[in-house]
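Analysis of the macromolecular model
The chain contents come next:
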Amino acid sequence: MGLHFGGLAKVRHVITYSLSPFEQRAFPNYFSKGIPNVWRRFTSSFFRVAPPMVLMYLTYTWGNHVHQEGKRKNPADYENDE
């Protein structure tokens, strides 16, 4: 067992590599590859996700509208009241 937290067990035949944080690039190819990749992923899945969401939204708003109309009193029932 090791003397510090990182050395809790000895593991044999495992090779680890690391790169210094000073040698890493924070956003490599962000504008040249990242944004086009996001656009490609968005357009490929939009037409699979959007129609069911629109359909469910319209069904939900229609159901709320019908529910609100059903809770209202019919004015014709009270025309002859005094």
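Presented here is an overview of the structure given in this document. Everything numeric in this text was worked out from a predicted model, so none of it was measured. (Residues numbered from 1 in each chain as written. Predicted model: local features only at pLDDT ≥ 70, side-chain atom pairs only at ≥ 80, totals over all residues. Heavy atoms only, no water.)

What follows covers the packing of aromatic side chains. On inspection of all chains with the given rule, the structure shows five aromatic pairs. Ring geometry for Phe27 against Tyr30: centres 5.5 Å apart, planes inclined by 65 degrees, an arrangement best described as edge-to-face. For Phe27, a relative accessible area of 64% translates into the label exposed. Look at Tyr30 and you get partly exposed, because its relative accessible area is 42%. Where Phe42 meets Phe46, the ring centres are 5.4 Å apart and the plane angle is 40 degrees; that geometry is what we call tilted. Of this pair, Phe42 and Phe46 both sit in helix 1 (residues 30-71), four residues apart, which is roughly one turn of the helix. Phe42 sits in the partly exposed class, given a relative accessible area of 45%. Taken together, the ring pairs connect Trp39, Phe42, Phe46 and Phe47 into an aromatic cluster. (Phe/Tyr/Trp six-rings, centres within 6.5 Å; stacked < 30°, edge-to-face > 60°. Buried < 20%, exposed > 50% of the residue type's maximum accessible area, 1.4 Å probe, protein only. Helix = DSSP H or I, 4+ residues; strand = E, 2+ residues; numbered from the N terminus.)

Our focus in this paragraph is a nonpolar patch on the surface. Nonpolar side chains collect at one region of the surface, where Phe27, Tyr30, Phe31 and Ile35 lie side by side and expose about 500 Å² of accessible area between them. Tracing the backbone shows Ile35 in helix 1. (Patch = residues over 30% accessible without salt bridge, like charges linked within 9 Å, V, L, I, M, F, W, Y side chains within 5 Å. Areas by Shrake-Rupley, 256 points an atom, 1.4 Å probe, with all protein chains shown as cover. Salt bridge = Lys/Arg side-chain N within 4 Å of Asp/Glu carboxyl O.)

Our next topic: the environment of Ser20. Within the secondary structure, Ser20 sits in the segment before helix 1. A residue is classified by how much of its surface remains accessible, and Ser20, at 28% relative accessible area, is partly exposed. Remark: the alpha-carbon pair of Ser20 and Tyr57, spanning 37 residues in sequence, is separated by 50 Å.

So, on to the environment of Phe47. With respect to the helices, strands and loops of the structure, Phe47 is situated in helix 1. Its relative accessible area of 64% is what places Phe47 among the exposed residues. Remark: the alpha-carbon pair of Phe47 and Asn64, spanning 17 residues in sequence, is separated by 26 Å.

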